[in-house]
Amino acid sequence: STQSTWELGILRKALVHFHSDENRKGPSPRVTSAFLREALTKVTIFSGMRTMDDLAAHAAARLTTIEGLADGEAGWRLHMLTPSNAISSARAATPHSRLSLQRLLLQKLPKSMSSRLHRGMEPFHSSEWLVQILHTAPGKGLISVASPGQRAPLSRVVSPFPCGLVPSACLVPVVDKGPGPPSQAVAKLLEAEARLGRRIRTDDIVLDLGAAPGGWTWLALSRGAHVVAVDVAGLAPSVASHPHLTFFREDVLDFRTRFAVVDWLLCDAVLFPHKTLEVMRRWVKPTRCANFVVNFKFISETDYSAMDPVKVFLNESGATFTVRRLDSAGNEVSVFGSFAEADPGGGGT
């Protein structure tokens, strides 16, 4: 059958099928969304394509029959996935085959449709469609078409980045002058910003809990933000002397102070997950922060159930958030999001 009821998720190094109907009969693996790199919805299988041109013609015929995508006015994105970028973590040069297939497909589509193709990687517009083509083997693959209504509820596992991979260029900090970041952890914050679709800006107020040696603090300061950093360990000298930095040498669990709402709450502290949740309960609320990035550290790969109360807390908080294992992180799960109603600069306790 070319039509399938299952959907497909791309993990860090594997492909898994997961069913959208949770009440279906029979066994189905439980997929934790934090480990999904990307989800392909409403999958159609294709096979028997002898040439790249045949595959492009098949895909074009499929897309031009979809009401709203073919005859509408909304923009759409095209993600071309091959085994090299779907299963491995490589972000190297785009494979020639992927470029060729995309070019052939666009040539076969009506101009009224190809002209609406959006080529950026910023967060989706509310009316955008997403087309994903996964070429798994010669002549075989999958086509996924998600309407805005189908894509929006899956925003935590459907990424504006092809295959859910943030380009490596986005993970390299810009160093205009002076020393660079004192740790490689800065890549995690850059990736979280990219996935959140927001970034620390000039004059933002940032609270960095567990800041040492200062990678995340360095990034915020390099953007012109004002940072309050907290850690029992000291910061790197290149960071500690910055005029926009206020440093408290304290345990993040004991840190108490009165703040207006900060623009960013950052926490990459080395704590057990239940202690990190304790920090979140204190600081991640609309009366305290507008945006947040918090990392949960794990010793083994069997205790991820500790994230369940985190998700309960965030759902009750009213935040828009994502729980995800970042590609630039180790055995960690990151939580990042924002409060639409937060008012940085207003009062708070």
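Residues numbered from 1 in each chain as written. Predicted model: local features only at pLDDT ≥ 70, side-chain atom pairs only at ≥ 80, totals over all residues. Heavy atoms only, no water.

Caption draft 1: The pairing of strand β6 (residues 129-137), seen in detail. Most of β6 sits inside the fold, with seven of its nine residues counted as buried. Taken together, the six bridges between strand β5 (residues 76-81) and β6 define a ladder with parallel strand orientation. Counted as the bridge partner of H79 is Q132 from β6. Sheet analysis places β6 next to strand β7 (residues 140-146), joined by seven bridges and oriented antiparallel. Paired with I133 across the strands is I143, a residue of β7. The loop that links β6 with its antiparallel partner β7 comprises two residues; one of these, G139, has a positive phi angle of about 80 degrees. (Buried < 20%, exposed > 50% of the residue type's maximum accessible area, 1.4 Å probe, protein only. Helix = DSSP H or I, 4+ residues; strand = E, 2+ residues; numbered from the N terminus. Pairing = 2+ DSSP bridges.)

Caption draft 2: Structural view of the confidence of the model for the chain. Averaged over every residue, the pLDDT of the chain is 84; residues scoring 70 or more account for 82%. This stretch, residues 1-6, has a pLDDT under 50; its non-local contacts, to residues over four places away or in other chains, come to 13 contacts. Residue range residues 86-95 is modelled with pLDDT below 50. Its contacts to residues more than four positions away, or to other chains, number 27 contacts. (pLDDT = per-residue confidence, 0-100. Contact = heavy atoms within 4.5 Å.)

Caption draft 3: Main features of the pattern of salt bridges. Counted by the stated rule, this structure contains 13 salt bridges. Ionic pairing is found between D268 and K188, a salt bridge with its closest N-O pair at 3.0 Å. With D268 in the loop between β11 (262-267) and α9 (273-283) and K188 in helix α6 (residues 186-196), this residue pair connects regions lying 80 residues apart in the sequence. Using a relative accessible area of 13% as the deciding quantity, one classes D268 as buried. Residues R223 and E193 are paired through a salt bridge, measuring 2.9 Å at the closest nitrogen-oxygen approach. Residue R223 is located in the loop between α7 (215-222) and β9 (226-230), and its partner E193 is located in helix α6; the two are separated by 30 residues in the primary sequence. A single burial state applies to R223 and to E193, both of which are buried. (Salt bridge = Lys/Arg side-chain N within 4 Å of Asp/Glu carboxyl O.)

Caption draft 4: Representation of unusual backbone geometry within the structure. At the junction of A212 and P213, the peptide bond is cis and its omega measures out at 0 degrees in the coordinates. Following the sequence through the fold, P213 ends up in the loop between β8 (205-209) and α7. A positive phi angle, close to 50 degrees, is found at K42, a residue other than glycine. Looking at where K42 falls in the secondary structure, it is placed in the loop between β3 (38-40) and β4 (43-46). For K42, a relative accessible area of 41% corresponds to the partly exposed category. One non-glycine residue, D203, adopts positive backbone phi at about 75 degrees. Within the secondary structure layout, D203 lies in the loop between α6 and β8.

Caption draft 5: Broad picture of the packing of aromatic side chains. A full pass over the atoms with the stated rule returns four aromatic pairs. Taken together, a centroid distance of 5.2 Å and an interplanar angle of 55 degrees make the contact between F248 and F255 tilted. The class of F255 is buried, set by a relative accessible area of 1%. The interplanar angle of 25 degrees and the centroid separation of 6.0 Å between the aromatic rings of F255 and W283 together place this pair among those described as stacked. Placement of F255 in the loop between β10 (245-248) and β11 and of W283 in helix α9 is noted, with a sequence separation of 28 residues between them. (Phe/Tyr/Trp six-rings, centres within 6.5 Å; stacked < 30°, edge-to-face > 60°.)

Caption draft 6: Here's a closer look at the sheet that holds β5. Read from one edge to the other, the open sheet built from four strands follows the order β4-β7-β6-β5, with strand pairing classed as mixed. Every interior strand has two partners, whereas the edge strands, β4 and β5, have only one. Neighbour-to-neighbour, the strand axes of the sheet open up by a mean angle of 15 degrees, direction not taken into account. Bridge analysis of β4 against β7 gives four bridges, and the strand direction is antiparallel. Following the sheet pairing, F46 is matched in β7 by G141. Strands in contact with helix α1 (residues 52-63) are β4, β6 and β7; relative to β6, the strand with the most contacts, it is inclined by about 150 degrees. (Axes fitted to C-alpha atoms, helices over the stretch in contact; angles between N-to-C directions.)

Caption draft 7: Quick look at the nonpolar core. Residues L209 and F292 are the most contacted members of the largest nonpolar core, which totals 35 residues. Where this core is concerned, the elements lending two or more residues are β8, β9, β11, α9, β12 (289-297), α10 (308-317), β13 (320-324) and β14 (332-338). Those residues within four positions of L209 in sequence are excluded, and the remaining contacts are V230, V252, F255, L265, L266, C267, D268, A269, V279 and W283. Of all hydrophobic cores here, the second largest spans 25 residues; its members include L196, A211, W218 and V293. (Core = buried A, V, L, I, M, F, W, Y, C linked by side-chain atoms within 4.5 Å.)

Caption draft 8: Looking closely at α9. Where α9 is concerned, the buried positions are P273, T276, L277, V279, M280, R282 and W283. Buried residues in α9 make contact with β8, β11, β12, α10 and β14.

Caption draft 9: Seen up close, the sheet that holds β12. Within the open sheet, the seven strands sit side by side as β10-β9-β8-β11-β12-β14-β13. Their pairing is mixed. Strands at the two margins of the open sheet, each flanked by one partner only, are β10 and β13. Averaged over all adjacent pairs, the angle separating strand axes in this sheet is 10 degrees, with direction ignored. Bridge analysis of β8 against β9 gives five bridges, and the strand direction is parallel. If you follow D208 over to β9, its bridge partner there is A229.

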